[in-house]
Amino acid sequence: MSQKDVIVELLTKNKVMTQSDFSIEMYGDNKHLPNVYTSLMSLVKSGIVVRTGDRPSYYSLSNADLSDLMKFHKNESERIVHKKSKISIPTPSNEQVEYWLRTWDSLPDYTVQEEAINELFQGQYKSNQSLKNIIIKCSVLNDFYSTNIFKVYPVACHILKLDIDERLNKGDISIVNEIANNKIANKEKNFYSFASKYCSHHNQDDYPIYDSYVDQMLRHFRNADGFTNFYNDDLKDYKKFKDILLEFKKYYKLDEYSLKDLDKYLWQAGKKYYPKKYKKKSRWLLW
């Protein structure tokens, strides 16, 4: 997705934004204002985006309801505000990873359940050539991880049609997005986190798990240390997500740790520093 496409997508969602809003939303900082300005001016010249005001200027889609823009100017409280996280989180290091790995190993509800699910995916139900095998694995993942797949059967049928076993062994990461995109009751569904978990339990070396806690941690360290540049939405593209995670691993010199180790570290730390604000249902495996 180009920067112009991202800008249009953001305006579709947020109605009105400033140049600073775009920079922070896409990059996590205010250091990319000139780059954003170039794309904005191109969209303004093409008639797709409308610019009003000065210092700051406000941008909206040309086909947007004008009442949205008028309301925005009238009530400053409706402005989109983005702030850097004020949470203090230790810098990633060998010591931090080791701490969280020890924490993981000390919790039997995590370790025993992880062993159980790995035995399922690596044992007699490993093959994805059988609908029965796939249904069992999908059902367990859905239960353990609370992935909110209300109809497992169509998801399992979708996976069966993809014929993924050889591609999983080769580490073909395009499988994740293919599994994620489903149609249930004629409605498009995207089970992105579930798909990453399904592939990871078949091949942990090549498929890191995407989770909202991991997402938050990667954004935090991008904003804090600038370990790499990425749009927030890039984390929802599995190839980009994996590349970002590898950059994270390289930047903080965590080469001795596997992607699975980083999953355990980032998930647990994210759960601590970015706890959910709603009451979660009890579940067997909390990640």
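Our structure's up above, just so we're on the same page.
Each value, and the rule that gives it
- Residues numbered from 1 in each chain as written.
- Predicted model: local features only at pLDDT ≥ 70, side-chain atom pairs only at ≥ 80, totals over all residues.
- Heavy atoms only, no water.
- Helix = DSSP H or I, 4+ residues; strand = E, 2+ residues; numbered from the N terminus.
- Contact = heavy atoms within 4.5 Å.
- Axes fitted to C-alpha atoms, helices over the stretch in contact; angles between N-to-C directions.
- Parallel < 35°, antiparallel > 145°, perpendicular 65-115°, else oblique.
- Left-handed = near helix turned anticlockwise from the far one by under 90°.
- Nonpolar A, V, L, I, M, F, W, Y, C, P; charged D, E, K, R; others polar.
- Salt bridge = Lys/Arg side-chain N within 4 Å of Asp/Glu carboxyl O.
- Buried < 20%, exposed > 50% of the residue type's maximum accessible area, 1.4 Å probe, protein only.
- Phe/Tyr/Trp six-rings, centres within 6.5 Å; stacked < 30°, edge-to-face > 60°.
- Lys NZ or Arg CZ within 6 Å of the ring centre and 35° of its normal.
- Polar contact = N/O pair within 3.5 Å; in protein donor to acceptor, adjacent residues only side chain to side chain.
- Expected span 1.5 Å × (residues − 1).
- Patch = residues over 30% accessible without salt bridge, like charges linked within 9 Å, V, L, I, M, F, W, Y side chains within 5 Å.
- Areas by Shrake-Rupley, 256 points an atom, 1.4 Å probe, with all protein chains shown as cover.
- Lys, Arg positive; Asp, Glu negative; His and termini not counted.
- Charge placed at Lys NZ, Arg CZ, Asp CG, Glu CD.
- Core = buried A, V, L, I, M, F, W, Y, C linked by side-chain atoms within 4.5 Å.

Chemist: Break down unusual backbone geometry for me, citing the residues and quoting the values.
Modeler: Here the phi dihedral of Lys 15 falls at roughly 75°; this positive angle occurs in a residue that is not glycine. Tracing the backbone through its elements, the reader meets Lys 15 in the loop between helix H1 (3-14) and strand S1 (17-18). At Asn 186, a residue that is not glycine, the phi angle is positive and equals roughly 65°. Summarising the element assignment, Asn 186 is placed in the loop between strand S4 (181-184) and strand S5 (187-190).

Chemist: How would you sum up the side chain of Thr 228? Please name residues and give values.
Modeler: With respect to the helices, strands and loops of the structure, Thr 228 is situated in the loop between helix H12 (212-225) and helix H13 (238-251). Discounting residues that sit within four places of it in the chain, Thr 228 has contacts with Arg 222, Ile 244 and Glu 247.

Chemist: Pulling in residues and values, what's your account of the packing of helix H7 (residues 131-145) against helix H8 (residues 152-162)?
Modeler: As a packed pair, H7 and H8 sit with axes 9 Å apart at the nearest point and diverge in direction by 125°. With respect to H8, the element H7 is oriented oblique. Read as a crossing pair, H7 and H8 show a hand that is right-handed. For the pair H7 and H8, contact is made by Leu 131, Ile 134, Ile 135, Cys 138, Ser 139 and Asn 142 and by Val 152, Tyr 153, Val 155, Ala 156, Cys 157, Ile 159 and Leu 160, respectively. Residue composition of the contact of H7 with H8, grouped by class: 11 nonpolar, two polar and no charged.

Chemist: Any chance you could break down the pattern of salt bridges for me, citing the residues and the numbers?
Modeler: Inspection of every chain in the model, using the stated rule, returns nine salt bridges. Note that Arg 219 is salt-bridged to Asp 215, the shortest N-O span being 2.7 Å. Taken as a pair, Arg 219 and Asp 215 lie in helix H12 at a separation of four residues, close to a single helical turn. Arg 219 sits in the partly exposed class, given a relative accessible area of 28%. Between Lys 240 and Asp 234 there is a salt bridge; the shortest N-O distance is 3.5 Å. Looking at Lys 240, the relative accessible area reads 32%, which means it is partly exposed.

Chemist: Describe the packing of aromatic side chains, naming the residues involved and giving the relevant values.
Modeler: Applying the stated rule across the entire model yields 22 aromatic pairs. Where Phe 121 meets Tyr 198, the ring centres are 5.4 Å apart and the plane angle is 75°; that geometry is what we call edge-to-face. Taken together, the positions of Phe 121 in helix H6 (residues 108-122) and Tyr 198 in helix H11 (residues 192-200) put the pair 77 residues apart, joining distant regions of the chain. Both residues of the pair, Phe 121 and Tyr 198, count as buried. The structure contains a cluster of three or more aromatic residues connected by ring pairs, namely Phe 221, Phe 227, Phe 230, Phe 248, Tyr 251 and Tyr 252. Over the aromatic face of Tyr 145 sits the side chain of Lys 197, whose NZ or CZ is 5.3 Å from the ring centroid. Between the NZ or CZ atom of Arg 222 and the centre of the ring of Phe 230, over which it lies, the distance is 4.7 Å.

Chemist: Tell me what's going on with the environment of Gln 19, and back it up with residues and numbers.
Modeler: Within the element layout of this structure, Gln 19 appears in helix H2 (residues 19-27). Along the backbone, Gln 19 and Leu 40 are 21 residues apart, and their C-alpha atoms lie at a distance of 8.2 Å. Residue contacts for Gln 19: discarding those within four places in its chain leaves Leu 33, Pro 34, Val 36, Tyr 37, Leu 40, Ser 57 and Tyr 59. At 2.7 Å, the side chain of Gln 19 and the backbone oxygen of Leu 33 are in polar contact.

Chemist: Give me the lowdown on helix H14 (residues 259-273), citing residues and values where you can.
Modeler: Residues spaced three or four apart along an α-helix face the same direction, because each turn holds 3.6 residues. The first and last C-alpha atoms of H14 sit 21 Å apart over 15 residues, in line with the 21 Å expected at 1.5 Å per residue. Within H14, 13 of the 15 residues are buried, leaving the element largely enclosed by the surrounding structure.

Chemist: Could you give an account of a negative patch on the surface, with specific residues and numbers?
Modeler: The grouping of Glu 95, Glu 98, Asp 255 and Glu 256 at the surface amounts to a negative patch. Looking at Asp 255, the relative accessible area reads 58%, which means it is exposed.

Chemist: Can you tell me about the nonpolar core, naming the residues and giving the values?
Modeler: Core analysis: the largest hydrophobic core is formed by 60 residues, its most contacted members being Ile 179, Phe 194, Tyr 198 and Leu 218. Sort the elements by how many residues they give to this core and H14 lands first, with seven residues. With near-sequence residues (within four places) excluded, Ile 179 lies in contact with His 158, Ile 159, Leu 162, Ile 164, Phe 194, Ala 195, Tyr 198 and Cys 199. With 16 residues, the next largest nonpolar core counts Leu 11, Met 17, Met 26 and Tyr 231 among its residues.

Chemist: Help me get a handle on the packing of H7 against H11, residues and values and all.
Modeler: In contact at an axis separation of 11 Å, H7 and H11 are set at 120° when each is read in the N-to-C sense. Comparing the axis directions of H7 and H11 gives the class oblique. Considering the relative orientation of H7 and H11, their crossing is right-handed. Of H11, the residues touching H7 (which contributes Ile 134, Lys 137, Cys 138, Leu 141 and Tyr 145) are Phe 194, Lys 197 and Tyr 198. In terms of residue class, the contact of H7 with H11 is built from six nonpolar, no polar and two charged.

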